[in-house]
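Listed here are the chains, written in short residue letters.
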Amino acid sequence: MKDIANLALAGHEPLFDSILPVGQLYSPSKERFHSVFHDLFDRRYYTNHGKLAQELERRLEERLDVRNAVVVTNATLGLSLSCKALGLPPQGKVIVPAFTFAATVQALTWAGLEPVFCDISNKSHNLDPQKVAALLEQHDVCAILGVHLWGNPCDIEQLQTLADSKGIPLFFDAAHAIACRYHGKPIGNFGACEVFSFHATKIMNATEGGCITTNDDELAERLRNLRSSYGRRKNVKTPIDGYGRFSEAQAAFGLLSLEDLSRRCDENCQKMALYHKKLSCIPGIHCISPAPEENMNYQYVVLEIDEKEFGLSRDALQKLLEAENVIARRYFVPGMHHCPPYETLFPEFATALPVTDALCTKVLQLPSGAPVSMDAVSRICECIAFVQANSADIKRTYFA
Ligand code: T4K
(Lines give C-alpha, C1' and ligand atoms only; values in the text may rest on other atoms or scores of the structure.)
Protein backbone atom coordinates (compact mmCIF):
# COMPACT_ATOMS: atom_id res chain seq x y z
CA MET A 1 0.00 0.00 0.00
CA LYS A 2 1.07 3.57 -0.57
CA ASP A 3 2.12 5.95 2.13
CA ILE A 4 1.09 9.56 2.00
CA ALA A 5 4.40 10.69 0.49
CA ASN A 6 4.05 8.51 -2.62
CA LEU A 7 0.48 9.23 -3.64
CA ALA A 8 0.07 9.68 -7.39
CA LEU A 9 -1.20 13.19 -6.71
CA ALA A 10 2.41 14.04 -5.84
CA GLY A 11 3.62 12.66 -9.18
CA HIS A 12 4.32 9.07 -8.14
CA GLU A 13 3.27 5.89 -9.98
CA PRO A 14 -0.51 5.53 -9.97
CA LEU A 15 -2.14 2.52 -8.35
CA PHE A 16 -3.46 1.32 -11.75
CA ASP A 17 -1.53 1.28 -15.03
CA SER A 18 -4.57 2.24 -17.11
CA ILE A 19 -7.67 4.23 -16.27
CA LEU A 20 -10.74 2.67 -14.67
CA PRO A 21 -13.78 4.64 -15.92
CA VAL A 22 -17.28 4.56 -14.44
CA GLY A 23 -18.96 3.33 -17.65
CA GLN A 24 -20.13 -0.29 -17.87
CA LEU A 25 -18.47 -0.73 -21.29
CA TYR A 26 -19.39 -4.39 -21.65
CA SER A 27 -19.03 -5.72 -25.17
CA PRO A 28 -19.63 -9.09 -26.82
CA SER A 29 -16.74 -11.07 -28.32
CA LYS A 30 -15.79 -10.12 -31.88
CA GLU A 31 -16.83 -13.62 -33.00
CA ARG A 32 -20.33 -13.27 -31.56
CA PHE A 33 -20.72 -9.81 -33.04
CA HIS A 34 -19.64 -11.16 -36.43
CA SER A 35 -22.14 -14.02 -36.22
CA VAL A 36 -25.04 -11.58 -35.81
CA PHE A 37 -23.73 -8.90 -38.12
CA HIS A 38 -22.03 -10.73 -41.02
CA ASP A 39 -24.93 -10.89 -43.48
CA LEU A 40 -25.41 -7.13 -43.22
CA PHE A 41 -22.58 -6.71 -45.72
CA ASP A 42 -24.48 -8.85 -48.20
CA ARG A 43 -27.88 -7.40 -47.46
CA ARG A 44 -26.64 -3.78 -47.58
CA TYR A 45 -29.58 -2.73 -45.45
CA TYR A 46 -27.96 -0.61 -42.76
CA THR A 47 -30.78 1.29 -41.11
CA ASN A 48 -34.48 2.26 -41.60
CA HIS A 49 -35.84 -0.28 -39.17
CA GLY A 50 -34.14 -3.37 -40.55
CA LYS A 51 -34.57 -6.95 -39.44
CA LEU A 52 -32.14 -6.69 -36.50
CA ALA A 53 -33.87 -3.59 -35.12
CA GLN A 54 -37.22 -5.37 -35.40
CA GLU A 55 -35.79 -8.45 -33.70
CA LEU A 56 -34.41 -6.34 -30.85
CA GLU A 57 -37.81 -4.71 -30.27
CA ARG A 58 -39.47 -8.13 -30.13
CA ARG A 59 -36.91 -9.46 -27.64
CA LEU A 60 -37.20 -6.34 -25.47
CA GLU A 61 -41.00 -6.69 -25.36
CA GLU A 62 -40.54 -10.30 -24.28
CA ARG A 63 -37.89 -9.55 -21.68
CA LEU A 64 -39.72 -6.57 -20.17
CA ASP A 65 -43.15 -8.16 -20.54
CA VAL A 66 -44.47 -5.00 -22.18
CA ARG A 67 -46.72 -4.60 -25.26
CA ASN A 68 -44.53 -2.12 -27.17
CA ALA A 69 -40.80 -1.41 -27.36
CA VAL A 70 -39.84 1.36 -29.79
CA VAL A 71 -36.08 1.61 -30.32
CA VAL A 72 -34.66 5.07 -31.06
CA THR A 73 -31.29 6.74 -31.64
CA ASN A 74 -30.70 7.52 -27.96
CA ALA A 75 -32.64 8.11 -24.75
CA THR A 76 -32.47 11.91 -25.03
CA LEU A 77 -34.34 11.84 -28.32
CA GLY A 78 -36.63 9.15 -26.88
CA LEU A 79 -37.66 11.55 -24.13
CA SER A 80 -38.31 14.39 -26.59
CA LEU A 81 -40.33 12.10 -28.87
CA SER A 82 -42.33 10.95 -25.84
CA CYS A 83 -43.25 14.56 -25.05
CA LYS A 84 -44.48 15.02 -28.63
CA ALA A 85 -46.34 11.69 -28.69
CA LEU A 86 -48.05 12.54 -25.40
CA GLY A 87 -49.27 15.75 -27.01
CA LEU A 88 -47.79 18.03 -24.34
CA PRO A 89 -48.60 21.63 -25.27
CA PRO A 90 -45.95 24.17 -26.38
CA GLN A 91 -44.44 25.95 -23.35
CA GLY A 92 -46.20 23.46 -21.08
CA LYS A 93 -44.65 22.98 -17.63
CA VAL A 94 -43.30 19.59 -16.61
CA ILE A 95 -42.29 18.60 -13.08
CA VAL A 96 -38.81 17.04 -13.18
CA PRO A 97 -35.93 16.51 -10.71
CA ALA A 98 -32.84 18.74 -11.04
CA PHE A 99 -30.66 15.91 -9.69
CA THR A 100 -30.25 14.06 -12.99
CA PHE A 101 -28.12 13.94 -16.12
CA ALA A 102 -28.52 17.11 -18.21
CA ALA A 103 -30.26 15.15 -21.00
CA THR A 104 -33.44 14.61 -18.94
CA VAL A 105 -34.14 18.32 -18.74
CA GLN A 106 -32.69 19.26 -22.11
CA ALA A 107 -35.03 16.75 -23.79
CA LEU A 108 -37.91 18.80 -22.38
CA THR A 109 -36.39 22.00 -23.73
CA TRP A 110 -35.94 20.45 -27.19
CA ALA A 111 -39.63 19.54 -27.07
CA GLY A 112 -40.51 23.20 -26.32
CA LEU A 113 -41.46 22.57 -22.67
CA GLU A 114 -40.48 24.24 -19.39
CA PRO A 115 -39.04 22.41 -16.40
CA VAL A 116 -40.54 22.88 -12.95
CA PHE A 117 -37.69 21.63 -10.78
CA CYS A 118 -38.71 19.46 -7.87
CA ASP A 119 -36.61 18.42 -4.88
CA ILE A 120 -35.87 14.77 -4.17
CA SER A 121 -35.95 12.35 -1.28
CA ASN A 122 -32.74 12.21 0.72
CA LYS A 123 -33.07 8.43 0.92
CA SER A 124 -34.03 7.38 -2.62
CA HIS A 125 -32.53 10.35 -4.58
CA ASN A 126 -35.80 10.32 -6.58
CA LEU A 127 -38.73 12.76 -6.82
CA ASP A 128 -40.29 13.36 -3.40
CA PRO A 129 -44.07 12.88 -3.85
CA GLN A 130 -44.88 15.41 -1.11
CA LYS A 131 -42.88 18.06 -2.93
CA VAL A 132 -44.48 17.08 -6.23
CA ALA A 133 -47.92 17.55 -4.60
CA ALA A 134 -46.94 21.05 -3.43
CA LEU A 135 -45.70 22.04 -6.91
CA LEU A 136 -48.90 20.76 -8.52
CA GLU A 137 -50.79 23.30 -6.40
CA GLN A 138 -48.46 26.19 -7.31
CA HIS A 139 -48.01 25.66 -11.07
CA ASP A 140 -50.20 24.82 -14.04
CA VAL A 141 -48.40 21.59 -14.90
CA CYS A 142 -49.04 19.42 -18.00
CA ALA A 143 -46.97 16.33 -17.03
CA ILE A 144 -44.65 14.75 -14.47
CA LEU A 145 -41.34 13.25 -15.58
CA GLY A 146 -39.74 10.98 -12.94
CA VAL A 147 -36.21 9.58 -13.14
CA HIS A 148 -35.44 6.11 -11.73
CA LEU A 149 -32.03 7.25 -10.57
CA TRP A 150 -29.29 4.62 -10.13
CA GLY A 151 -31.91 2.05 -11.25
CA ASN A 152 -33.89 2.62 -8.08
CA PRO A 153 -37.58 2.91 -9.00
CA CYS A 154 -39.41 6.13 -8.12
CA ASP A 155 -42.36 5.96 -5.73
CA ILE A 156 -44.49 5.12 -8.77
CA GLU A 157 -47.76 4.49 -6.93
CA GLN A 158 -47.83 7.86 -5.22
CA LEU A 159 -46.69 9.73 -8.33
CA GLN A 160 -49.37 8.01 -10.43
CA THR A 161 -52.05 8.97 -7.88
CA LEU A 162 -50.89 12.59 -8.03
CA ALA A 163 -50.82 12.61 -11.84
CA ASP A 164 -54.28 11.02 -12.01
CA SER A 165 -55.66 13.59 -9.56
CA LYS A 166 -54.74 16.32 -12.06
CA GLY A 167 -55.53 14.29 -15.20
CA ILE A 168 -51.97 14.68 -16.54
CA PRO A 169 -49.52 12.06 -17.83
CA LEU A 170 -46.70 10.64 -15.75
CA PHE A 171 -43.73 9.26 -17.68
CA PHE A 172 -40.27 8.10 -16.74
CA ASP A 173 -36.64 8.53 -17.65
CA ALA A 174 -35.55 4.92 -17.10
CA ALA A 175 -32.06 5.44 -18.59
CA HIS A 176 -30.51 3.68 -15.56
CA ALA A 177 -33.20 1.10 -14.96
CA ILE A 178 -33.20 -1.74 -17.46
CA ALA A 179 -33.60 -5.09 -15.64
CA CYS A 180 -34.92 -3.33 -12.53
CA ARG A 181 -38.33 -4.09 -11.04
CA TYR A 182 -40.98 -2.26 -9.04
CA HIS A 183 -43.15 -4.48 -6.83
CA GLY A 184 -41.96 -7.45 -8.89
CA LYS A 185 -42.91 -5.98 -12.28
CA PRO A 186 -40.22 -4.90 -14.78
CA ILE A 187 -39.55 -1.20 -15.17
CA GLY A 188 -40.84 -0.38 -18.66
CA ASN A 189 -44.47 -1.01 -17.71
CA PHE A 190 -45.19 2.12 -15.71
CA GLY A 191 -46.64 5.56 -16.35
CA ALA A 192 -47.66 6.47 -19.90
CA CYS A 193 -44.24 5.38 -21.16
CA GLU A 194 -40.67 4.83 -20.00
CA VAL A 195 -37.40 5.60 -21.79
CA PHE A 196 -34.23 3.47 -21.51
CA SER A 197 -30.69 4.34 -22.60
CA PHE A 198 -28.45 1.88 -24.42
CA HIS A 199 -25.40 4.16 -24.36
CA ALA A 200 -22.03 2.38 -24.14
CA THR A 201 -21.72 3.39 -20.49
CA LYS A 202 -24.97 1.58 -19.61
CA ILE A 203 -25.43 -2.08 -18.67
CA MET A 204 -27.44 -2.66 -21.87
CA ASN A 205 -25.09 -1.43 -24.55
CA ALA A 206 -26.01 -0.82 -28.20
CA THR A 207 -22.95 1.51 -28.42
CA GLU A 208 -25.54 4.31 -28.59
CA GLY A 209 -29.31 4.00 -28.48
CA GLY A 210 -32.49 4.06 -26.51
CA CYS A 211 -35.93 2.53 -26.29
CA ILE A 212 -39.40 3.78 -25.35
CA THR A 213 -41.75 1.20 -23.84
CA THR A 214 -45.48 1.47 -23.31
CA ASN A 215 -48.57 -0.68 -22.86
CA ASP A 216 -50.63 1.94 -24.70
CA ASP A 217 -50.86 0.77 -28.34
CA GLU A 218 -52.04 4.14 -29.68
CA LEU A 219 -49.21 5.99 -27.99
CA ALA A 220 -46.78 3.40 -29.37
CA GLU A 221 -48.07 4.01 -32.89
CA ARG A 222 -47.64 7.77 -32.51
CA LEU A 223 -44.09 7.12 -31.29
CA ARG A 224 -43.31 4.88 -34.28
CA ASN A 225 -44.70 7.52 -36.65
CA LEU A 226 -42.71 10.27 -34.95
CA ARG A 227 -39.53 8.18 -35.07
CA SER A 228 -39.43 7.71 -38.83
CA SER A 229 -41.48 6.76 -41.86
CA TYR A 230 -39.94 3.28 -41.53
CA GLY A 231 -41.20 0.86 -38.90
CA ARG A 232 -44.71 2.32 -38.79
CA ARG A 233 -47.59 -0.15 -38.51
CA LYS A 234 -50.14 2.39 -39.69
CA ASN A 235 -49.97 6.07 -40.56
CA VAL A 236 -50.89 8.47 -37.78
CA LYS A 237 -50.91 12.26 -37.99
CA THR A 238 -48.01 13.67 -35.95
CA PRO A 239 -46.87 17.28 -35.46
CA ILE A 240 -43.31 16.73 -36.71
CA ASP A 241 -40.93 13.96 -37.81
CA GLY A 242 -38.27 12.96 -35.29
CA TYR A 243 -35.60 11.16 -37.34
CA GLY A 244 -34.81 8.93 -34.42
CA ARG A 245 -33.78 5.83 -36.37
CA PHE A 246 -31.87 2.92 -34.85
CA SER A 247 -29.21 1.37 -37.09
CA GLU A 248 -28.61 -2.32 -37.74
CA ALA A 249 -25.13 -1.99 -36.22
CA GLN A 250 -26.68 -0.68 -32.99
CA ALA A 251 -29.25 -3.48 -33.07
CA ALA A 252 -26.61 -6.20 -33.52
CA PHE A 253 -24.68 -4.93 -30.51
CA GLY A 254 -27.92 -4.48 -28.55
CA LEU A 255 -29.17 -8.02 -29.25
CA LEU A 256 -25.99 -9.52 -27.82
CA SER A 257 -26.02 -7.15 -24.88
CA LEU A 258 -29.61 -8.14 -24.09
CA GLU A 259 -28.61 -11.82 -24.25
CA ASP A 260 -25.88 -11.09 -21.68
CA LEU A 261 -27.91 -8.78 -19.45
CA SER A 262 -28.60 -11.19 -16.57
CA ARG A 263 -24.96 -12.28 -16.46
CA ARG A 264 -23.85 -8.62 -16.37
CA CYS A 265 -26.26 -7.93 -13.50
CA ASP A 266 -24.75 -10.87 -11.57
CA GLU A 267 -21.20 -9.64 -12.19
CA ASN A 268 -22.15 -6.13 -11.11
CA CYS A 269 -23.91 -7.53 -8.06
CA GLN A 270 -20.73 -9.25 -6.88
CA LYS A 271 -18.69 -6.08 -7.35
CA MET A 272 -21.26 -3.95 -5.55
CA ALA A 273 -21.39 -6.42 -2.64
CA LEU A 274 -17.60 -6.31 -2.30
CA TYR A 275 -17.55 -2.50 -2.50
CA HIS A 276 -20.23 -2.25 0.17
CA LYS A 277 -18.56 -4.81 2.46
CA LYS A 278 -15.23 -3.01 2.34
CA LEU A 279 -16.47 0.58 2.33
CA SER A 280 -19.38 0.58 4.76
CA CYS A 281 -17.05 0.34 7.79
CA ILE A 282 -15.08 3.46 6.74
CA PRO A 283 -16.11 6.56 8.73
CA GLY A 284 -17.86 9.17 6.60
CA ILE A 285 -18.84 6.81 3.78
CA HIS A 286 -22.44 5.91 3.16
CA CYS A 287 -23.09 3.40 0.35
CA ILE A 288 -26.34 3.85 -1.56
CA SER A 289 -28.17 0.53 -1.79
CA PRO A 290 -31.73 1.73 -2.06
CA ALA A 291 -33.87 -0.98 -3.63
CA PRO A 292 -34.35 -4.53 -2.37
CA GLU A 293 -31.88 -6.88 -4.04
CA GLU A 294 -34.08 -8.46 -6.70
CA ASN A 295 -34.99 -5.01 -8.05
CA MET A 296 -31.53 -3.90 -9.10
CA ASN A 297 -29.17 -4.11 -12.07
CA TYR A 298 -26.28 -3.01 -9.78
CA GLN A 299 -24.67 -0.81 -12.45
CA TYR A 300 -24.14 2.23 -10.24
CA VAL A 301 -21.84 2.10 -7.22
CA VAL A 302 -22.74 5.37 -5.54
CA LEU A 303 -21.41 6.81 -2.27
CA GLU A 304 -22.24 9.80 -0.14
CA ILE A 305 -19.16 11.30 1.52
CA ASP A 306 -19.63 13.10 4.82
CA GLU A 307 -16.67 15.51 4.81
CA LYS A 308 -16.53 15.95 8.59
CA GLU A 309 -16.44 12.24 9.37
CA PHE A 310 -14.30 11.24 6.40
CA GLY A 311 -11.79 14.01 7.06
CA LEU A 312 -11.64 15.18 3.43
CA SER A 313 -14.20 16.54 1.00
CA ARG A 314 -15.77 14.45 -1.76
CA ASP A 315 -13.91 16.63 -4.30
CA ALA A 316 -10.54 15.99 -2.62
CA LEU A 317 -11.18 12.24 -2.61
CA GLN A 318 -12.14 12.38 -6.28
CA LYS A 319 -8.86 14.19 -7.14
CA LEU A 320 -6.79 11.65 -5.19
CA LEU A 321 -8.52 8.73 -6.90
CA GLU A 322 -8.24 10.30 -10.34
CA ALA A 323 -4.49 10.62 -9.93
CA GLU A 324 -4.41 6.87 -9.14
CA ASN A 325 -6.28 6.28 -12.47
CA VAL A 326 -9.59 5.61 -10.70
CA ILE A 327 -11.92 7.92 -12.63
CA ALA A 328 -14.73 8.34 -10.09
CA ARG A 329 -17.43 10.83 -11.17
CA ARG A 330 -19.41 13.46 -9.29
CA TYR A 331 -22.77 12.71 -10.91
CA PHE A 332 -24.59 15.12 -10.95
CA VAL A 333 -22.86 18.46 -10.34
CA PRO A 334 -24.22 21.08 -10.42
CA GLY A 335 -27.95 20.41 -10.16
CA MET A 336 -29.76 21.32 -13.39
CA HIS A 337 -31.39 24.33 -11.68
CA HIS A 338 -27.88 25.85 -11.46
CA CYS A 339 -26.98 25.10 -15.11
CA PRO A 340 -27.43 27.32 -18.15
CA PRO A 341 -29.91 28.21 -19.50
CA TYR A 342 -32.12 27.23 -16.54
CA GLU A 343 -30.33 29.24 -13.82
CA THR A 344 -31.15 32.48 -15.62
CA LEU A 345 -34.51 31.43 -17.08
CA PHE A 346 -35.86 30.10 -13.78
CA PRO A 347 -33.98 31.78 -10.89
CA GLU A 348 -36.87 30.97 -8.53
CA PHE A 349 -35.44 27.45 -8.11
CA ALA A 350 -31.95 28.61 -7.01
CA THR A 351 -32.64 28.05 -3.30
CA ALA A 352 -35.74 25.85 -3.58
CA LEU A 353 -34.02 22.45 -3.68
CA PRO A 354 -32.05 21.96 -0.43
CA VAL A 355 -31.81 18.14 -0.64
CA THR A 356 -30.56 18.30 -4.24
CA ASP A 357 -28.00 20.98 -3.33
CA ALA A 358 -26.71 18.97 -0.36
CA LEU A 359 -26.39 15.75 -2.40
CA CYS A 360 -24.52 17.58 -5.16
CA THR A 361 -21.69 18.17 -2.67
CA LYS A 362 -21.55 14.58 -1.43
CA VAL A 363 -22.24 12.04 -4.14
CA LEU A 364 -19.47 10.10 -5.85
CA GLN A 365 -19.82 7.24 -8.35
CA LEU A 366 -17.08 4.59 -8.39
CA PRO A 367 -15.95 2.52 -11.40
CA SER A 368 -17.54 -0.87 -11.93
CA GLY A 369 -18.42 -2.78 -15.11
CA ALA A 370 -16.17 -4.51 -17.64
CA PRO A 371 -12.87 -2.71 -16.99
CA VAL A 372 -13.01 -3.37 -13.22
CA SER A 373 -12.00 -6.76 -11.77
CA MET A 374 -12.85 -7.93 -8.25
CA ASP A 375 -9.18 -7.43 -7.39
CA ALA A 376 -9.42 -3.83 -8.64
CA VAL A 377 -12.48 -3.27 -6.42
CA SER A 378 -10.49 -4.48 -3.40
CA ARG A 379 -7.57 -2.21 -4.23
CA ILE A 380 -9.82 0.82 -4.77
CA CYS A 381 -11.45 0.19 -1.38
CA GLU A 382 -8.07 -0.21 0.33
CA CYS A 383 -6.96 3.07 -1.22
CA ILE A 384 -10.09 4.87 0.07
CA ALA A 385 -9.61 3.33 3.55
CA PHE A 386 -5.99 4.49 3.53
CA VAL A 387 -7.01 8.01 2.50
CA GLN A 388 -9.56 8.19 5.32
CA ALA A 389 -7.15 6.81 7.94
CA ASN A 390 -4.57 9.43 6.92
CA SER A 391 -7.00 12.20 6.04
CA ALA A 392 -5.54 14.78 8.43
CA ASP A 393 -2.00 14.38 7.07
CA ILE A 394 -3.19 14.23 3.46
CA LYS A 395 -5.24 17.38 3.95
CA ARG A 396 -2.27 19.22 5.41
CA THR A 397 0.12 18.00 2.70
CA TYR A 398 -2.02 18.24 -0.45
CA PHE A 399 -5.05 20.42 0.23
CA ALA A 400 -3.86 23.13 2.67
N1 T4K B 1 -31.22 10.31 -18.48
C2 T4K B 1 -30.30 9.93 -17.58
C3 T4K B 1 -30.68 9.83 -16.16
C4 T4K B 1 -29.01 9.61 -18.01
O5 T4K B 1 -28.07 9.24 -17.12
C6 T4K B 1 -28.70 9.71 -19.37
C7 T4K B 1 -27.35 9.44 -19.84
C8 T4K B 1 -29.72 10.10 -20.27
C9 T4K B 1 -30.97 10.40 -19.78
C10 T4K B 1 -29.49 10.23 -21.75
O11 T4K B 1 -29.21 8.99 -22.34
P12 T4K B 1 -28.53 8.95 -23.84
O13 T4K B 1 -29.22 10.01 -24.67
O14 T4K B 1 -27.07 9.19 -23.64
O15 T4K B 1 -28.86 7.55 -24.32
C16 T4K B 1 -22.33 9.58 -19.60
C17 T4K B 1 -23.10 9.01 -20.75
O18 T4K B 1 -22.65 9.58 -21.96
C19 T4K B 1 -24.57 9.23 -20.63
O20 T4K B 1 -25.22 8.31 -21.52
C21 T4K B 1 -25.05 8.95 -19.23
N22 T4K B 1 -26.44 9.23 -19.02
C23 T4K B 1 -24.25 9.77 -18.24
C24 T4K B 1 -24.67 9.52 -16.83
O25 T4K B 1 -22.89 9.42 -18.36
P26 T4K B 1 -20.60 11.54 -19.53
O27 T4K B 1 -20.37 12.54 -20.59
O28 T4K B 1 -20.61 12.00 -18.14
O29 T4K B 1 -19.57 10.32 -19.55
P30 T4K B 1 -18.70 9.77 -20.74
O31 T4K B 1 -19.56 9.52 -21.93
O32 T4K B 1 -17.56 10.67 -20.83
O33 T4K B 1 -18.24 8.31 -20.21
C34 T4K B 1 -17.85 8.01 -18.89
C35 T4K B 1 -16.51 7.29 -18.90
O36 T4K B 1 -16.55 6.14 -19.71
C37 T4K B 1 -15.35 8.15 -19.39
O38 T4K B 1 -14.32 8.07 -18.41
C39 T4K B 1 -14.87 7.52 -20.68
C40 T4K B 1 -15.43 6.11 -20.63
N41 T4K B 1 -15.88 5.64 -21.93
C42 T4K B 1 -17.04 6.17 -22.47
C43 T4K B 1 -17.50 5.73 -23.69
C44 T4K B 1 -18.75 6.32 -24.28
C45 T4K B 1 -15.17 4.67 -22.61
O46 T4K B 1 -14.12 4.22 -22.12
N47 T4K B 1 -15.65 4.21 -23.81
C48 T4K B 1 -16.78 4.70 -24.39
O49 T4K B 1 -17.20 4.25 -25.48
O50 T4K B 1 -22.01 10.89 -19.89
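So, here's what we can say about the structure.

What counts as what
Residues numbered from 1 in each chain as written. Predicted model: local features only at pLDDT ≥ 70, side-chain atom pairs only at ≥ 80, totals over all residues. Heavy atoms only, no water. Helix = DSSP H or I, 4+ residues; strand = E, 2+ residues; numbered from the N terminus. Buried < 20%, exposed > 50% of the residue type's maximum accessible area, 1.4 Å probe, protein only. Polar contact = N/O pair within 3.5 Å; in protein donor to acceptor, adjacent residues only side chain to side chain. Contact = heavy atoms within 4.5 Å. Axes fitted to C-alpha atoms, helices over the stretch in contact; angles between N-to-C directions. Parallel < 35°, antiparallel > 145°, perpendicular 65-115°, else oblique. Left-handed = near helix turned anticlockwise from the far one by under 90°. Nonpolar A, V, L, I, M, F, W, Y, C, P; charged D, E, K, R; others polar. Near = heavy atom within 4 Å. Areas by Shrake-Rupley, 256 points an atom, 1.4 Å probe, with all protein chains shown as cover. Pairing = 2+ DSSP bridges. Salt bridge = Lys/Arg side-chain N within 4 Å of Asp/Glu carboxyl O. Expected span 1.5 Å × (residues − 1). Phe/Tyr/Trp six-rings, centres within 6.5 Å; stacked < 30°, edge-to-face > 60°.

### Looking at the side chain of Asn126
Argument step 1. Within the secondary structure layout, Asn126 lies in the loop between β3 (114–118) and α6 (129–138).
Argument step 2. What makes Asn126 buried here is its relative accessible area of 2%.
Argument step 3. From its side chain, Asn126 meets the backbone oxygen of Pro153 in a polar contact 3.4 Å long.
Argument step 4. Residue contacts for Asn126: discarding those within four places in its chain leaves Ile120, Ser121, Val147, His148, Leu149, Asn152, Pro153 and Cys154.

### A short note on the packing of helix α4 (residues 75–85) against helix α5 (residues 102–110)
Argument step 1. Contact geometry of α4 with α5 gives a least axis separation of 8 Å together with a crossing angle of 40 degrees. One way to sum up the angle between α4 and α5 is to call them oblique. Classified by chirality, the crossing of α5 by α4 is right-handed. Residues Thr76, Leu79, Ser80 and Cys83 of α4 pack against Ala103, Thr104, Ala107, Leu108 and Trp110 of α5.
Argument step 2. By residue class, the composition of the contact of α4 with α5 is six nonpolar, three polar and no charged.

### Quick word on the site of the ligand
Argument step 1. Around the ligand, the surrounding shell holds 21 residues, and the nearest of these are Thr76, Asp173, His176, Ser197 and Tyr331.
Argument step 2. A distance of 3.5 Å is found between a nitrogen atom of the ligand and a side-chain nitrogen or oxygen belonging to Thr104.
Argument step 3. A distance of 2.7 Å is found between an oxygen atom of the ligand and a side-chain nitrogen or oxygen belonging to Ser197.
Argument step 4. The protein chains hide 73% of the 910 Å² of surface that the ligand would expose on its own.
Argument step 5. Of all elements in the fold, only α4 and α5 reach the threshold of two or more residues within the shell around the ligand.
Argument step 6. Tallied by class, residues from the shell around the ligand come to nine nonpolar, nine polar and three charged.

### Regarding the packing of α4 against helix α8 (residues 217–227)
To describe two helices that pack against each other, one gives the angle between their axes and the distance between the axes.
Argument step 1. Interhelical geometry of α4 versus α8 gives an angle of 120 degrees and a closest axis separation of 9 Å. Regarding the angle of α4 to α8, the classification is oblique. The two elements α4 and α8 cross, and the hand of that crossing is right-handed. Where α4 abuts α8, its residues Leu81, Ser82, Lys84 and Ala85 lie against Leu219, Arg222, Leu223, Leu226 and Arg227.
Argument step 2. Of the residues belonging to the contact of α4 with α8, the class tally is five nonpolar, one polar and three charged.

### Some remarks on the environment of Val326
Argument step 1. Turning to its location among the elements, Val326 is positioned in the loop between α12 (314–323) and α13 (342–345).
Argument step 2. Distance in space between the C-alpha atoms of Val326 and Leu366 is 7.9 Å, their sequence separation being 40 residues.
Argument step 3. Not counting chain neighbours up to four residues away, the residues in contact with Val326 comprise Phe16, Leu20, Leu321, Pro367 and Ile380.

### Some points on the sheet that holds strand β10 (residues 285–287)
Argument step 1. Pairing within the open sheet is antiparallel, and its three strands lie in the order β10-β11-β12. The two strands at the open ends of the sheet, each matched to only one other strand, are β10 and β12 (363–366). Strand-to-strand twist across the sheet, computed as the mean angle between neighbouring axes with direction ignored, equals 35 degrees.
Argument step 2. With four bridges connecting them, strand β11 (residues 301–305) and β12 associate as antiparallel partners. Pairing of Glu304 across the sheet is with Val363, part of β12.

### Let's talk about the pattern of salt bridges
Argument step 1. In this structure the tally under the stated criterion is 22 salt bridges.
Argument step 2. Salt-bridge contacts for Arg227 lead to Glu57; the nearest nitrogen and oxygen are separated by 2.8 Å. Taken together, the positions of Arg227 in helix α8 and Glu57 in helix α3 (residues 51–64) put the pair 170 residues apart, joining distant regions of the chain. No difference in accessibility class separates Arg227 from Glu57, as the two residues are buried.

### A look at helix α9 (residues 248–259)
Argument step 1. Given a rise of 1.5 Å per residue, twelve residues ought to cover 16 Å, and the 17 Å separating the end C-alpha atoms of α9 matches this to within 8%.
Argument step 2. Within the sequence span of α9, burial applies to Glu248, Gln250, Ala251, Ala252, Phe253, Gly254, Leu255, Leu256, Ser257 and Leu258.
Argument step 3. Those residues of α9 hidden inside the fold are in contact with α1 (30–37), α2 (40–43), α3 and α10 (261–279).
Argument step 4. One side-chain oxygen at the N-terminal end of α9 lies 3.4 Å from the backbone nitrogen of Ala249; it belongs to Ser247.

### Some points on the packing of aromatic side chains
Argument step 1. Scanning the model with the defined rule gives twelve aromatic pairs in all.
Argument step 2. Ring geometry for Trp150 versus Phe332: centroids 5.5 Å apart, planes at 5 degrees, classification stacked. Within this pair, whereas Trp150 is found in the loop between β4 (141–147) and α7 (156–166), its partner Phe332 is found in the loop between α12 and α13, the two being separated by 182 residues in sequence.
Argument step 3. Judged by its relative accessible area of 3%, Trp150 is buried.
Argument step 4. Looking at Phe332, the relative accessible area reads 7%, which means it is buried.

### Some details on unusual backbone geometry
Argument step 1. In this model, Val333 is joined to Pro334 through a cis peptide bond whose omega is -10 degrees.
Argument step 2. Within the secondary structure layout, Pro334 lies in the loop between α12 and α13.
Argument step 3. Look at the link from Pro340 to Pro341: it is a cis peptide, with omega at 0 degrees.
Argument step 4. With respect to the helices, strands and loops of the structure, Pro341 is situated in the loop between α12 and α13.
Argument step 5. Look at Arg44: it is not a glycine, yet its phi comes out positive at around 55 degrees.
Argument step 6. By secondary structure assignment, the location of Arg44 is in the loop between α2 and α3.
Argument step 7. With a phi close to 50 degrees, Tyr243 is a non-glycine residue in the positive phi region.

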